[in-house]
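# Report on the structure
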Amino acid sequence: MIGFPQYPTFQVFLAIFMAIAITMLLLPAWIKLLRYRQIGQQIRADGPQRHLVKQGTPTMGGVVILFAILVTVVLLTRTSSEAEFTRVMLIAFATLTCGLVGFIDDAAKLVKERSLGLRPNAKMILLTIISVAFTLVAVNYGNISPVVSIPLLASIDLGVLSTTINVFGTAFYIPWLYLAFVFLLMAGMANSVNLTDGLDGLAAGTVMIAMVVMAAIAYRLDQLNTALVAAATCGSCVGFLWFNSHPAMIFMGDTGALAFGGAFAAIAIVTKTEVVSLLVGGIFVIEAISVIIQVSYFKLTHKRVFLMTPIHHHFEQKGWSETTIVIRFWIITALSASIGFAWFFSQST
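A brief structural summary. Everything numeric in this text was worked out from a predicted model, so none of it was measured. (Residues numbered from 1 in each chain as written. Predicted model: local features only at pLDDT ≥ 70, side-chain atom pairs only at ≥ 80, totals over all residues. Heavy atoms only, no water.)

## Considerations on the overall build of the chain
A count of helical and extended segments in the chain gives 12 helices and 4 strands. Taking the principal axes of the C-alpha coordinates as reference, the chain spans close to 55 × 55 × 40 Å. The 349 residues of the chain split such that 52% are buried. If you take every contact in the chain between residues at least 6 apart in sequence, the share linking residues at least 24 apart comes to 75%. Counting only carbon and sulfur atoms, one obtains 69% of the accessible surface of the chain, whose full area is about 15,900 Å². Taking the 20 positively charged and 15 negatively charged side chains of the chain as two groups, their mean positions are separated by 7 Å. (Helix = DSSP H or I, 4+ residues; strand = E, 2+ residues; numbered from the N terminus. Buried < 20%, exposed > 50% of the residue type's maximum accessible area, 1.4 Å probe, protein only. Contact = heavy atoms within 4.5 Å. Areas by Shrake-Rupley, 256 points an atom, 1.4 Å probe, with all protein chains shown as cover. Lys, Arg positive; Asp, Glu negative; His and termini not counted. Charge placed at Lys NZ, Arg CZ, Asp CG, Glu CD.)

Below you can see the structure in the form of structure tokens.
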């Protein structure tokens, strides 16, 4: 760790500032490079017609976002125990590997010159591998319990159905129900944030707000390094928004969206706020549920509930401006995240 004052609050705010600075310094050069290489966004043919003007806008801004987070975390985090080091590495693993899946997806879109990249099955297989590896390391080496807490209500032990095997003389614990739960949370959040990334500034702004709350939760739990990761993620979103606000000069692509979702889920698991995180990241849940409702209802009735999904496109079709939708979704995120933090805080006091 570099020689800055050791006050925890100072470190958290420094992480935000460093990530902002790194992102804002590097993005202009990255945008120029992407334009020179003609690496631009492929727009859905069946999407809102007003989005067609965004065709060719530089994408894969998530590469710079990930770099800013990684540099900030490496420079600022310090570990006092093996379990703490493992937890930080777990968050980094989830963030970077989900980002890598997104990078592959973005690259496939560019090669095929269409808005669809990896096949859904291939993406889910990769996310399954990531979530299983994450869970097994978390419960065996990160001192993370397979218990899911619902503040003020109950704690559910998802380790009741488990297997212990001997690997090179070491007992290896496999909690099957918790494996499934982490997969649903991690893959669900990764895809939900990706669905949210459909308007200029929408995903970056909502992730920024949600990560502020996750940093506060981690700080409250005395998990400073986890708070630093969340703060760095928040800062990278702030820096990215300078270039991603409407009209966007660059998009984060699946590289950034999947990385953000993976990071959010990983921080929730490490802080044992898996259920609370569903409220903190409520806007992502709403976006995903709108798609599930639309698809399910259409298969049953051949009719649509919404004009278009994810739900932010529904409001576009109703005539709302892009900026109006984004700001109102930020407000909804701030409200749900605040309620989520209050829910968490009611149990931690």
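Continuing now.
## Description of empty space enclosed by the protein
If you walk through the whole model with that rule in mind, you get 1 cavity of 30 Å³ or more. Its boundaries defined by the atoms lining it, the largest cavity holds a volume of some 90 Å³. If you go around the largest cavity, the residues you meet are Leu66, Ile69, Leu70, Val73, Val88, Ile91, Ala92, Thr95, Leu96 and Val229. Where the lining of the largest cavity is concerned, the elements lending two or more residues are helix H2 (62-76) and helix H3 (82-112). Looking at which element gives the most residues to the lining of the largest cavity, the answer is H3, with 5 residues. Residues belonging to the lining of the largest cavity are distributed by class as follows: 9 nonpolar, 1 polar and no charged. (1 Å grid on protein atoms, 1.4 Å probe; cavity = no way out; pocket = protein on both sides within 12 Å on 5 of 7 lines; lining within 4 Å. Points joined across faces, edges and corners; volume = space filled by probe spheres on them. Nonpolar A, V, L, I, M, F, W, Y, C, P; charged D, E, K, R; others polar.)

## So, the pattern of salt bridges
Inspection of every chain in the model, using the stated rule, returns 3 salt bridges. Between Asp105 and Lys123 there is a salt bridge, with the nearest N and O atoms lying 3.1 Å from each other. With Asp105 in helix H3 and Lys123 in helix H4 (residues 120-141), this residue pair connects regions lying 18 residues apart in the sequence. For the residue pair Asp105 and Lys123, the accessibility class agrees, reading buried in each case. Of the charged contacts in the structure, one is a salt bridge between Lys272 and Glu274, with a shortest N-O distance of 2.8 Å. Connected through shared salt-bridge partners, Asp105, Lys123 and Asp254 make up one network. (Salt bridge = Lys/Arg side-chain N within 4 Å of Asp/Glu carboxyl O.)

## Re the side chain of Asp254
Of note, Asp254 is situated in helix H8 (residues 253-270). Overall, Asp254 belongs to the buried group, its relative accessible area being 6%. Those residues in contact with Asp254 that lie beyond four places of it in its chain are Gly102, Asp105, Asp106, Lys109, Lys123, Asn194 and Ala259.

## A look at the pairing of strand S2 (residues 154-157)
Moving residue by residue along a regular strand, the side chains alternate between the two faces of the sheet. For strand S1 (residues 147-150) and S2, the ladder comprises 4 bridges, and the chain directions are antiparallel. Each bridged residue has a counterpart across the sheet, and for Ser149 the counterpart in S2 is Ser155. With antiparallel pairing between neighbouring strands as the criterion, S1 and S2 make up a hairpin whose turn holds 3 residues, including Leu152 at a positive phi of roughly 70 degrees. (Pairing = 2+ DSSP bridges.)

## Some points on the nonpolar core
Of all hydrophobic cores here, the largest spans 77 residues; its most connected members are Phe134, Met211 and Met214. Beyond its immediate chain neighbours, meaning those up to four positions away, Phe134 contacts Leu90, Ile91, Phe93, Ala94, Val182, Met186, Ala266 and Ile269. In terms of nonpolar packing, the next biggest core, distinct from the first, is built from 10 residues, Ala15, Leu76, Ala218 and Leu224 among them. (Core = buried A, V, L, I, M, F, W, Y, C linked by side-chain atoms within 4.5 Å.)

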